[in-house]
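The lines below spell out each chain.
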Amino acid sequence: MPGGRLSQQERQQIALGLADSLPYAEIARRLDRPTSTVTREVMRNGGPTAYRADLAHRATERRAHRRRPASRGRASLPQEHGRDTEAVAEYEETFTTVLMASGLAKTPARVLTCLFTADSGSLTASQLAQRLQVSPASISKAITFLESQSLVRRERDERRRDRYVIDDELFYQATIASARANDQLVEIARQGVALLGPQTPAAARLENIARFLDFISESIVRAAEQARQVLHTSSPATTTDIAQPAPDRP
């Protein structure tokens, strides 16, 4: 499998694949590249509808030139379990890009990526600032947003420092919170039905929206409750591939 940066010709093939509505996995297969490489390339250069091969190539060259000193500093961070430093950095970049495509701003997405990929599942503000090379104020702002979305929680460690935690149960809670966020839309839509008159086209439209969101929310909640046990069940990969026992849950 070829490694290294994408060539301009490969980017042109990506653009052609997107124009043909091919999935990322198929484009990657044709290029003999990992799907994550294609996903990151597209999402950081405008997304599937705005991707342009020539613009993406020039933007990548500019980014590579700007970040050379920073990359050397980040590569010096130690990696546990014999992990490949460059491969981990590439994966973290892809993870962040996908989170940003889902609607998160850059710094909250980077914070979540750090927490997801840390074996401990928790880091202090200073650790996050050091890893991401951003100011403590940026970390504080990102954490405030993530807490408001139930995506992280705050704990105090033995040194009375705030630690920011992401774990399996928190992911369940965030899913439930996301589903319940629709409730306000349902309520306001049904207020519109009463105000505009039940026999009018506008009221019918709002009622359909309310019914749709009601159904979606209840389906998500029901599925999350049914799947909750999956979050607390070890997969065969984690039980056979990791020699050390998992740490106790906080």
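Up top is the structure.
Residues numbered from 1 in each chain as written. Predicted model: local features only at pLDDT ≥ 70, side-chain atom pairs only at ≥ 80, totals over all residues. Heavy atoms only, no water.

K.L.:
What is the right way to read the pattern of salt bridges from this model?
P.N.:
This model, assessed by the stated rule, comprises 15 salt bridges. The partner of E93 in a salt bridge is R44, with the nearest N and O atoms 2.1 Å apart. Taken as a pair, E93 in helix 5 (residues 85-101) and R44 in the loop between helix 3 (35-43) and helix 4 (53-75) lie far apart in primary sequence, 49 residues in all. When its relative accessible area of 25% is taken as the criterion, E93 is described as partly exposed. Under the relative-accessibility criterion, R44 is labelled partly exposed at 28%. We note a salt bridge from R190 to E207, for which the minimum N-O separation is 3.3 Å. (Salt bridge = Lys/Arg side-chain N within 4 Å of Asp/Glu carboxyl O. Helix = DSSP H or I, 4+ residues; strand = E, 2+ residues; numbered from the N terminus. Buried < 20%, exposed > 50% of the residue type's maximum accessible area, 1.4 Å probe, protein only.)

K.L.:
Which parts of the structure should I look at to understand the packing of aromatic side chains?
P.N.:
Working definition: an aromatic ring pair is given by the centre-to-centre distance plus the angle between the planes. Under the counting rule described, the total for this entry stands at two aromatic pairs. Pairing Y91 with F95 gives two aromatic rings, centres 5.8 Å apart and planes at 75°, and the pair type is edge-to-face. Residue Y91 and its partner F95 are located together in helix 5, separated by four residues, close to a single helical turn. Judged by relative accessible area, which is 47%, Y91 ranks as partly exposed. Centroid distance F95 to F116: 5.3 Å. Interplanar angle 20°. Geometry classified as stacked. You can see F95 sitting in helix 5 and its partner F116 sitting in helix 6 (residues 106-117), a full 21 residues away along the chain. Under the relative-accessibility criterion, F116 is labelled partly exposed at 34%. Grouping aromatic residues by their ring pairs yields a cluster made of Y91, F95 and F116. (Phe/Tyr/Trp six-rings, centres within 6.5 Å; stacked < 30°, edge-to-face > 60°.)

K.L.:
Help me understand empty space enclosed by the protein in this model?
P.N.:
Leftover empty space is mapped by rolling, across the atoms, a probe with the size of a water molecule. Within this structure, the stated rule accounts for one cavity of 30 Å³ or more. Its volume calculated, the largest cavity comes out at about 40 Å³. Forming the walls of the largest cavity are L112, F116, S150, L151, I166, D167, L170, F171 and A174. Looking at the lining of the largest cavity, the elements that each hand over two or more residues are helix 6 and helix 9 (168-180). Looking at the lining of the largest cavity, the element that brings in the most residues is helix 9, giving three residues. (1 Å grid on protein atoms, 1.4 Å probe; cavity = no way out; pocket = protein on both sides within 12 Å on 5 of 7 lines; lining within 4 Å. Points joined across faces, edges and corners; volume = space filled by probe spheres on them.)

K.L.:
What am I meant to see in the sheet that holds strand 2 (residues 153-156) here?
P.N.:
In any sheet, the strands associate via hydrogen bonds between backbone groups, in a parallel or an antiparallel arrangement. One open sheet holds the three strands; their spatial order is 1-3-2, and the pairing between them is antiparallel. Each edge of the open sheet is held by one strand with a lone partner, namely strand 1 (122-124) and strand 2. For this sheet, the mean angle separating the axes of adjacent strands, direction not counted, is 35°. (Pairing = 2+ DSSP bridges. Axes fitted to C-alpha atoms, helices over the stretch in contact; angles between N-to-C directions.)

K.L.:
How should I be thinking about unusual backbone geometry in this particular structure?
P.N.:
Excluding glycine, residues mostly have negative phi values, and the peptide bonds linking residues are mostly trans. Positive phi, normally seen in glycine, also occurs at S21, with a value near 60°. The phi torsion at S150 lies on the positive side, around 60°, for a residue other than glycine. Its location among the elements puts S150 in the loop between helix 8 (136-148) and strand 2. Under the relative-accessibility criterion, S150 is labelled partly exposed at 25%.

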